[in-house]
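# Descriptive structure summary
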Amino acid sequence: MSTHDLEDMGCGTSSSTKDRKSEKALKAALVIQNWYRGYSARLKARQRYALTIFQSIEYADEQGQLQLSNFFSFMLENYTQIHKKDPELVARLFGSTLQDYKDRQDYVSRIDVPDSYHGPRLQFPLTFTDIDLLVEAFKQQQILHAHYVLEVLFETKKVLKQMPNFTHVKTSPSKELTICGDLHGKLDDLFLIFYKNGLPSGSNTYIFNGDFVDRGKHSIEILMILFVSFLVYPNDLHLNRGNHEDFMMNLRYGFTKEILHKYKIHGKKILQILEDVYTWLPIGTIIDNEILVIHGGISESTDLNLLHRIERNKMKSVLMSPIPLDEDHDNDLKKNKINTTIIPREVKTNGSLSEQLTKHEWEQVIDILWSDPRGKRGCYPNTSRGGGCYFGPDITSKVLNKYQLKMLIRSHECKPEGYEICHDGKVVTVFSASNYYEEGSNRGAYIKLCSGMNLRFFQYQVTKATCLRPLYQRVNTIESSAIRILKERMISRKTDLIRAFQLQDRSKSGKLPMGQWAFSMENILGLNLPWRSLSPHLVTIDKNGNINYMSSFEDIHIQKPVKEAQSTLIETLYRYRSDLQIIFNVIDSDHSGLISMEEFRAMWKLFNSHYSIHIDDFQIDDLAERMDLNKDGSIDFNEFLKAFYVVHKLDNVNKSDSKLA
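Numbers given to residues run from 1 along each chain, matching the order in which its sequence is written. Reporting of local features is limited, given that this is a predicted model, to residues whose pLDDT is at least 70; pairs of side-chain atoms are given and counted only at 80 or more, and all residues count toward the totals for whole chains, interfaces and linings. Neither water nor hydrogens contribute to the side-chain values; these are computed over all heavy atoms in the structure.

Two strands qualify as a pair provided that DSSP identifies no fewer than 2 bridges between them. Every helix listed is a DSSP run of H or I at least four residues long, and every strand listed is a run of E at least two residues long, numbered separately from the N terminus. Spatially, three strands are ordered 9-11-10 in an open sheet, and the strand pairing comes out mixed. This sheet does not close on itself; its edge strands, each paired only once, are strand 9 (372-373) and strand 10 (379-381). Of the strand pairs in this sheet, strand 10 and strand 11 (residues 389-391) are connected by three bridges, and their pairing is antiparallel. From the neighbouring strand, Cys 379 faces strand 11, where its bridge partner is Phe 391.

Laid out in structure tokens, this is it:
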């Protein structure tokens, strides 16, 4: 039978029809594939923008925290009454908080563990059983009794004091080592790591690279698990200090509040001892004489030989620079030209102010705890965080070559995938707190390595949901949360922003071109963000692309605790509320929450002067009078600051919509 005969019977037509259908199906599949790729790319871009907002605001807050160190130095130079009224304040900021207790049992034995306590009971000397007991108890949300917390802290300090500044660790082909980054009080991440990788033991070595505490709600539980594990396996569990192992950081980022909430009676004692324990944490680990593990990074002047020698326990807080010396006077207490007390190094106030690190030593530690790598060559100030530096690939090569090292492993920065490799593979960042900013914002990761093998990365993301939400829902949640905190940043600078907008708006139309609006936003808020891309979420835009700049503030305002207070004052107090809370909590050494009217006025005037805030004294005096609700001469400042909060008007609309749905 010929081909022509087959075509007459319809066979050829059927084949060509199938080919055409297959071609259409392929084209449709390609169209869908291209659409989905574009859709996913747009979602990923929105997610990146949201993470950029979170990170920019986080670093701006850290910059403000570092600026506080300058304020405290300024305060000590200009507020002589501090020394008369509270001689322990200088020691709290610059010296050792605790005296070495001759008999710690005298301290701990005062705290009884009652029969009614049903939480974990630790047995000293500690064993692996205690690690397991603690982990299981914390999974059941039990609280470890203050007696055991203090016992663990004292014992941890005792062992840490015997350790060098840098722990040297050896691996072998048969013995792997696990490196974890920031945990930030996220206990579920630690549980997941142990579930996947096993509990610490003599055959399962760990390095935890700082920032165990703050932000998350379970910092004390993480500390207790790590410290107990360290006491059981001091040669197999290694702890590096991070920039959040610092009592000043804890005041701002939540750990202090967590301790005082969970341990209402003994919280102050726990915090005092913790301040001391922090100072004895090693500042780095060196693996096989090849890999440097530190929390932050390096600078062009990093001197590992010097860092091996410094007395690390003298670094009470990285936020407190050494008290300046006046070398032209005797080593007695000095009086400056406005009759203020200067306290020279090695002079002891109330028997507890210890000798400090030198300025150069202090800067060396700042660099390794706060610095970040960047793609640009050179070493330049870390303007985002306000401390440490940015270091380029050339600096990495220079420092590693100088000390015959091959790699730097660090943490300190949240990464979307939980880790990141840069500088030609010589710098690795590992971050172990998943969902750091918001649920779904990032994965966590840890690293496993052994002698002669490449690094292996393990990623995870903690979720309480039985199935993962679709990507668009996760991105919507992250984006909404990021825009929310950005708007709160904007409302705290409302007066300054409006002034900047109006200077640009020469025609008084209430509108600005996109470029001018974006310039004003970046200039006033100090946030390097993709303002053009974010503008649809923040303002209304007309058909010509011009921005109605007052629309930025239509759906948000700051609640006034005192209705008569001027808007400028309210914005200033809201903007600096975290700084003010830290300052007054430092003054409030007994954690009563109360400060005198006189202290409030004096400290505010110093703050006003140092930060160049243009608020009239009479406004502050009037505010102080209104804050003293029961007229007893004292102010509950923490409660007062809680009254400053941002109201998002759309929240009520959304709640109404959800009720109707």
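Once the charged atoms of two side chains with opposite charge are near each other, the side chains can pair. Salt bridge, as used here, is a side-chain nitrogen of Lys or Arg placed within 4 Å of a carboxyl oxygen of Asp or Glu. Tallied over the full model, the rule gives 30 salt bridges. The partner of Glu 275 in a salt bridge is Lys 316, and the shortest N-O contact between them spans 2.7 Å. With Glu 275 in helix 12 (residues 267-280) and Lys 316 in the loop between helix 13 (304-309) and strand 7 (334-335), this pair connects stretches of sequence that are 41 residues apart. For Glu 275, a relative accessible area of 5% corresponds to the buried category. A residue is classified by how much of its surface remains accessible, and Lys 316, at 7% relative accessible area, is buried. One salt bridge connects Glu 363 with Lys 359, and the closest N-O pair in it is separated by 3.2 Å. In this pair, Glu 363 and Lys 359 are both assigned in helix 14 (residues 359-370), four residues apart and thus about one turn of the helix distant. Residue burial is assigned from relative accessible area. The probe radius is 1.4 Å, only protein chains are included, and a residue is buried under 20% of its type maximum, exposed over 50%, and partly exposed in between. Residue classification places Glu 363 among the partly exposed residues on the basis of a relative accessible area of 35%. Bridged by salt links that share partners, the residues Glu 58, Glu 62, Arg 215, Asp 372, Arg 374, Arg 385, Arg 410, Glu 413, Lys 415 and Glu 420 form one connected network.

Let us now look at the confidence of the model for the protein. Summing up the model confidence of the protein, the mean pLDDT is 83 and the portion of residues at 70 or higher is 81%. Taken together, the stretch residues 325-354 has pLDDT below 50 and engages in 56 contacts with residues farther than four places along the chain or on a different chain. pLDDT is a residue-level measure of predictor confidence that goes from 0 to 100. Throughout, a contact is declared for two residues whenever any of their heavy atoms are within 4.5 Å. Note on residues 652-661: pLDDT is under 50 here. Beyond four places in sequence and across chains, it has zero contacts.

Now for helix 23 (residues 617-627). Every α-helix winds through 3.6 residues per turn, so residues three or four apart in the chain are directed the same way. By the burial criterion, the buried members of helix 23 are Gln 619, Ile 620, Leu 623, Ala 624 and Met 627. Down the axis of helix 23, the sector holding all buried residues measures 135°, keeping them to one side. What the arc measures is the spread of directions leading from the helix axis to the C-beta atoms.

Here the focus is the side chain of Ser 411. For Ser 411, the position within the fold is in the loop between strand 12 (407-410) and strand 13 (419-422). Ser 411 sits in the buried class, given a relative accessible area of 0%. Under the rule applied, a polar contact is a pair of N or O atoms within 3.5 Å (in protein, one hydrogen donor and one hydrogen acceptor; residues adjacent in sequence only if both atoms are side-chain atoms). Of the polar contacts made by the side chain of Ser 411, one reaches the side chain of Asn 209; its length is 3.0 Å. Sequence-distant contacts of Ser 411, defined by excluding residues within four places in its chain, comprise Gly 181, Asp 182, Asn 209, Ile 294, His 295, Thr 429 and Val 430.

Before going further, it helps to examine the packing of aromatic side chains. Pairing of aromatic rings covers Phe, Tyr and the six-membered ring of Trp, with a centre-to-centre limit of 6.5 Å; geometry is then stacked below 30 degrees between planes, edge-to-face above 60, and tilted otherwise. One pass over the full model with this rule turns up 14 aromatic pairs. With centroids separated by 6.2 Å and ring planes inclined at 35°, the aromatic side chains of Tyr 446 and Tyr 460 adopt a geometry described as tilted. Of this pair, Tyr 446 sits in strand 15 (residues 444-449) while Tyr 460 sits in strand 16 (residues 456-460); the two residues are 14 residues apart in sequence, bridging distant segments of the chain. Residue classification places Tyr 446 among the buried residues on the basis of a relative accessible area of 2%. Members of the aromatic cluster, joined through ring pairs, are Phe 54, Phe 431, Tyr 436 and Tyr 437. Over the ring of Phe 247 we find Lys 316; its NZ or CZ atom is 4.8 Å from the centre of that ring. The ring of Tyr 380 has Lys 376 sitting right over it, with the charged end atom 4.6 Å from the ring centre. In this analysis the charged atom, NZ for Lys or CZ for Arg, is taken to sit over a ring once it is within 6 Å of the ring centre and within 35 degrees of the ring normal.

A few words now on the pairing of strand 3 (residues 205-208). Both faces of strand 3 are covered, namely the face carrying Thr 205 and Ile 207 and the face carrying Tyr 206 and Phe 208. As defined by bridge partners, strand 2 (residues 177-180) adjoins strand 3 across four bridges and the pair is classed as parallel. Within strand 3, the position partnered with Cys 180 by the bridge is Phe 208. If the strands point away from the viewer and the path from the first strand over the helix to the second runs clockwise, then the crossover is right-handed. Handedness of the crossover joining strand 2 and strand 3 through helix 8 (residues 187-197): right-handed. In the sheet, strand 3 pairs with strand 4 (residues 237-239) via three bridges, with the strands oriented parallel. Each residue of the ladder has a partner; that of Tyr 206, found in strand 4, is Leu 237. Read from strand 3 through helix 9 (residues 219-232) to strand 4, the crossover connection turns out right-handed.

What follows deals with the packing of helix 11 (residues 255-262) against helix 12. Where helices are involved, their axes are fitted lines through C-alpha atoms of the stretch in contact, as for all axes, and angles between N-to-C directions lie from 0 to 180°. Axis separation between helix 11 and helix 12 bottoms out at 8 Å; the angle between their running directions is 140°. As judged from the angle between their axes, helix 11 and helix 12 are oblique. In this structure, helix 11 meets helix 12 at a crossing whose hand is right-handed. Contacts from Phe 255, Thr 256, Ile 259 and Leu 260 of helix 11 reach helix 12 at Gly 267, Lys 268, Ile 270, Leu 271, Leu 274 and Tyr 278. Angles are sorted into four bins: roughly parallel if under 35 degrees, roughly antiparallel if over 145, roughly perpendicular if 65 to 115, and oblique for all others. When the near helix sits turned anticlockwise from the far one by under a right angle, the crossing is termed left-handed; a clockwise turn instead gives a right-handed crossing.

Taken in spatial order, the three strands of this open sheet run 17-19-18, and their pairing is antiparallel. Unpaired on one side and paired on the other, strand 17 (511-512) and strand 18 (540-541) mark the two borders of the sheet. Both strand 18 and strand 19 (residues 547-548) contribute to a ladder of two bridges, which runs antiparallel. Across the sheet, residue Ile 541 finds its bridge partner in strand 19, namely Ile 547.

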